[in-house]
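Here's the letter readout for the chains.
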Amino acid sequence: MSGFPDALTVTLQPALLPEDRARGEFYAVLARLYAAAPDAALLGLIAAAPPLENGAAETSLARNWNRLREASSVMEADAADGEYTALFIGVGRSEVDLHASHWASAGKSEKPLVNVRADLARLGLARMSRVNVYEDHLSALLETMRILALGVEGRAPASVAAQRAFFDAHLDPWIDACCIAILRSAIANYYRCVAELTQSLAAIERDAFALF
């Protein structure tokens, strides 16, 4: 038996289902788009990504993904940057606030931020030092869902129960209201497509989690 150690420990992780991989990828794209305006490279990647077909074209998620692809193919990076800044940063006050704390309590309490930090700690997660947004920012919450759905190096995907608990506690109570605010804003153009895709993903997640 030479060439092998006396004891060999192998950890096997179940392969991701295609639908879980797709969920994680949608979360990743949306997290990036809410973190900052898309640059030319990202716009090109989204535009070049495959459409959703094979019978899925009638679903809201597929329809809105294909709209985002089309919008990305004609959007200029400078225009996207200006739109993002006007919508989500502003001068003194943003047009649309992307923090759960704002939607949960009209911006007067940090309890949602405290709660999400506590849940992240229980999950063994924390904000990275180079990240400059709070943990209750929409981008950070979507990125957390990506990690829970896909796992990362050295960390398996979370259970469906854990994913559902995080979604129910930190995204579901306010994500639709935030998206509606984006859609109603006269400033929104490209980010209308982003908000519509976000609503579609959230709706699918609610329906899927309700089965468990």
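What counts, and where the lines are drawn
Residues numbered from 1 in each chain as written. Predicted model: local features only at pLDDT ≥ 70, side-chain atom pairs only at ≥ 80, totals over all residues. Heavy atoms only, no water. Core = buried A, V, L, I, M, F, W, Y, C linked by side-chain atoms within 4.5 Å. Buried < 20%, exposed > 50% of the residue type's maximum accessible area, 1.4 Å probe, protein only. Helix = DSSP H or I, 4+ residues; strand = E, 2+ residues; numbered from the N terminus. Contact = heavy atoms within 4.5 Å. Phe/Tyr/Trp six-rings, centres within 6.5 Å; stacked < 30°, edge-to-face > 60°. Polar contact = N/O pair within 3.5 Å; in protein donor to acceptor, adjacent residues only side chain to side chain.

Colleague: In this structure, what is going on with the nonpolar core? I would like to understand it.
Modeller: It is characteristic of soluble globular proteins that their nonpolar side chains tend to be buried jointly. Counting 53 residues, the largest nonpolar core has Y34, L68, F88, I182, Y190 and Y191 as the members making the most contacts within it. With 9 residues, helix α10 (residues 190-209) is the largest single contributor of residues to this core. Those residues in contact with Y190 that lie beyond four places of it in its chain are L33, P38, L43, I46, L68, A71, S72, M75 and E83.

Colleague: Looking at this structure, how should I read the packing of aromatic side chains?
Modeller: Given two aromatic rings, one states the distance between the centres and the angle between the planes to describe the pair. Applying the stated rule across the entire model yields 8 aromatic pairs. A ring pair is formed by F88 and Y191, whose centres lie 5.3 Å apart and whose planes are at 80 degrees; its orientation type is edge-to-face. Taken together, the positions of F88 in helix α4 (residues 77-89) and Y191 in helix α10 put the pair 103 residues apart, joining distant regions of the chain. Among the residues examined, F88 registers a relative accessible area of 11% and is labelled buried. Relative accessible area serves as the criterion here: at 0%, Y191 is assigned to the buried category. Between the aromatic rings of F167 and F209, the centroid separation amounts to 5.7 Å while the plane-to-plane angle is 55 degrees, which identifies the pairing as tilted. Of the two residues, F167 sits in helix α8 (residues 160-170) while F209 sits in helix α10, which places them 42 residues apart along the sequence.

Colleague: I keep staring at the side chain of E135 and nothing clicks. Help me out?
Modeller: Inspection of the secondary structure puts E135 in the loop between α6 (111-122) and α7 (138-150). In terms of polar contacts, E135 uses its side chain to reach the side chain of R117, at 3.0 Å. Beyond its immediate stretch of four places on either side in the chain, E135 contacts L113, V116, R117, L120, R127, A140 and L141.

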